[in-house]
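Okay, here's what each chain looks like letter by letter:
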Amino acid sequence: MGHDWTPYPQSTAADYRRQGHWHGKTLGERFRECARRYPDDPAVVAGDARLTYAELDNRCDRLANGLAALGVQPRDRVAVQLPNLVEFVEVLFALMRVGATPVLVMPSYRRQELRALMEIAEPTAYVIPDCYGGFDFRSQARELCEDIGTVRHVVVAGEPEEFTPVEGLYHGPEPLPDVDADDLALCVMSGGTTGGPKLVPRTHENYAYLPNACAAAGLDRSDVYLAALPLAHNFPLACPGLLGTLTSGGTAVMSPTSSPDDAFPLIEGERVTWTTLVPSVVDFWTEARQWHRSDVSSLRLVQVGGALLRPESARRATQGLGCGLQQVYGMAEGLLTMTALDEPDDLVLTTQGRPPCPADEVRLVDPDGVDVEAGAVGELWTRGPYTVRGYFRAPRDSAESFTPDGLYRTGDLARRLPSGHLVIKGRLKDVINRGGDKIACEELEGHLLAHPAISAAAAVPVADPGLGERVCVFLVCEQRQSLREVRAFLQARGVASFKFPDRLEYVDRLPLTKIGKIDRKVLVARLAGSASGS
Ligand code: J2J
């Protein structure tokens, strides 16, 4: 039987265990150990719900039993598209305890993204909220289930209509299956280097590394974490995020959004000590601190990553928020780098830090895959105990994004300082990073080409002071479409709204490279030229 994902070579896995990077425990076990140590401590605060470790542990076990009774089997994939609700935490651990594989999907994803991910994952169940952010997830589930035949159960947090309520799945205690630590813990979505949506298969040992290592670097039982970004993303989930908190004895507080109006009162009320943000949100928080009435002085650390943080923003944030700042560069595929909490300001403000693990291999290479000279910019390739060796059921994408000896080609450009700190200098891949949300250019172009009046399309990033980048689309059209019409078309097609173009440009033809591909560099240069000319 072929593997759905590429395992680590046995000798490498043995090295990681011998070197102490892997501990042979599942995430469910790690959380349970913590729950046994601190049963009466607060674990999760979400809306009106406040659960101690013992209560949360017990609810996860009961939900695991309910999911098993529903027919969820070990190694089944289950698509989980939940916002930051207490059910997110319970469903995640419950599925892990059943031995099933949660496939985490961003709440902002819509039919197109879900269909693509579900066609790969073939989930047997799909877990959703009833309505969230003004969107009814049940009607989307209805449409999707017509296409995706594998989904036998739609499980709903909230009002279920004809589906299965999560609420009815907390069953009595039954023995749960043994789960291997080298089996999959979950799949997260790739920010992508090529083509369409991809899933990153993370094992328990692999995925536990970061929460463990980051938490060991200064997070403890007295800390209160605010989950302000969607927990379906790797950064707030595991770096060290929710999982680091719940395996260290701290408290996790769920914020429905990252807006200061939601987050600041929670920081004040729960005495939050740290959180995870993207750069555009940090700017917003720094500004809001001036006028918002809530007292956020309990914050001692804000981690920022997902997109490039400008040094001016970093400086303003450290002064304006009155707390420590940690820059983080990371990816769903694994590698994380971060600045240390006790480092000098110039490193914290201008670099993305260093990887935490001595076994992290980071190479900076030229287009021939040869290491660049010290201090030069190169593409970052990496391999290590928490970086995967390939995508889930995607041999072609895996062969493109990973070298034959298992290094992940990030598509990012970086420079290394003599201290080992990395500075991210740009990217080679055709991805737009819109305030931390990643948009694969080819995927968006594919959707645009489905429009009958559009005969060619090219998506490129355009610099933006707020979000870092926005989406500009060059179109060749028989009949010009307005921005509103194009966005309405994508919405009706079921594309996530963060991918919608912010700006349209009309051209007679698209520039092509020598091998006949769209030359996006020429288009980016054209936009830069028009910006400097205006
Ligand atoms: C510039 N670009 C960055 C940074 C990520 C921690 C933090 C972030 C992610 C993430 C993550 C950047 N400066 N500080 O998973 O665990 C861009 C790079 C990278 C891509 C990965 C984590 N931090 N990026 O953002 O899988 O281009 O993960 O390759 O969503 O985001 O995107 P994603």
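This is a predicted model, so every value here is computed, not measured. By convention here, each chain's residues receive numbers from 1 onward along its written sequence. Since the coordinates come from a predicted model, pLDDT governs what is reported: local features require at least 70, and pairs of side-chain atoms require 80 or more to be given and counted, while whole-chain, interface and lining totals use all residues.

Student: For this particular structure, what's the right way to read the UniProt feature "domain: AMP-binding enzyme C-terminal" (unreviewed entry) in the chain?
Tutor: UniProt positions are given in the numbering used here, feature names are shortened, and annotations may be inferred rather than shown by experiment. The sites that carry the UniProt feature "domain: AMP-binding enzyme C-terminal" (unreviewed entry) are, in the present numbering, residues 443–517. With 24% helix and 33% strand, residues 443–517 has end C-alpha atoms that lie 15 Å from one another. Numbering goes from the N terminus for both helices and strands, where a helix is a DSSP run of H or I of at least four residues and a strand is a run of E of at least two.

Student: Just checking my understanding: could you explain the packing of helix α11 (residues 279–291) against helix α12 (residues 311–321) for this structure?
Tutor: Each pair of packed helices can be described by the angle between their axes along with the distance between the axes. Contact geometry of α11 with α12 gives a least axis separation of 9 Å together with a crossing angle of 40°. The angle between α11 and α12 places the two elements in the oblique class. In this structure, the crossing between α11 and α12 has a hand that is left-handed. Packed against α11, whose contacting residues are Pro279, Val282, Asp283, Trp285, Thr286 and Arg289, the element α12 presents Ser313, Arg316, Ala317, Gly320 and Leu321 at the interface. When residues are grouped by polarity, Ala, Val, Leu, Ile, Met, Phe, Trp, Tyr, Cys and Pro land in nonpolar, Asp, Glu, Lys and Arg in charged, and all others, Gly among them, in polar. Residue classes in the contact of α11 with α12 are distributed as five nonpolar, three polar and three charged. For helices, the axis comes from a line fit to the C-alpha atoms of the stretch in contact; other axes are also lines fit to C-alpha atoms, and the angle between any two N-to-C directions lies between 0 and 180 degrees. Put simply, angles under 35 degrees are roughly parallel, angles over 145 are roughly antiparallel, angles from 65 to 115 are roughly perpendicular, and the rest are oblique. Two helices cross in a left-handed way if the nearer one is turned anticlockwise from the farther one by less than a right angle. They cross in a right-handed way if the turn is clockwise. Each residue is represented by a C-beta atom placed from its backbone, and any two residues with such atoms within 7 Å are regarded as in contact.

Student: How should the pairing of strand β17 (residues 334–338) be read in this particular structure?
Tutor: Regular strands have side chains that alternate between both faces of the sheet. Any residue with 12 or fewer other C-beta atoms within 10 Å of its own C-beta is exposed, any with 20 or more is buried, and the rest are partly exposed; the C-beta atoms used are placed from the backbone. Along β17, five of the five residues are buried, which leaves the element largely enclosed by surrounding structure. One requirement defines pairing of two strands: DSSP has to find at least two bridges between them. Two strands pair when backbone bridges link them, and strand β16 (residues 324–331) and β17 are joined in this way by four bridges, in the antiparallel orientation. Across the sheet, residue valine 328 finds its bridge partner in β17, namely methionine 338. In this antiparallel pair of consecutive strands, β16 and β17, the connection spans two residues.

Student: I keep staring at the pairing of strand β19 (residues 378–383) and nothing clicks. Help me out?
Tutor: Where burial is concerned, most of β19 is hidden: six out of the six residues are buried. Both strand β18 (residues 361–365) and β19 contribute to a ladder of five bridges, which runs antiparallel. Its bridge partner being in β19, leucine 364 is matched across the sheet by leucine 380. Across four bridges, β19 lies against strand β20 (residues 408–416) in antiparallel orientation. Within the sheet, the bridge partner assigned to tryptophan 381 lies in β20 and is arginine 409.

Student: I would appreciate a short explanation of the domain arrangement of the chain in the present structure.
Tutor: When the parts of a complex come together, some accessible area is lost, and that lost area is often taken as the interface size. Those domain boundaries reflect an automatic or database domain assignment. When its domains are assigned, the chain resolves into domain 1 (24–206), domain 2 (258–426) and domain 3 (431–533). Just the C-alpha atoms count here: the centres of domain 1 and domain 3 sit 34 Å apart.

Student: Sorry if this is basic, but what is going on with unusual backbone geometry here?
Tutor: At the junction of cysteine 239 and proline 240, the peptide bond is cis and its omega measures out at -10° in the coordinates. Mapped onto the elements, proline 240 comes out in the loop between α8 (234–238) and α9 (241–246). In the Ramachandran plot, arginine 75 falls in the positive-phi region, its phi being about 75° despite a non-glycine side chain. Note that arginine 75 resides in the loop between α3 (53–70) and β3 (77–80).

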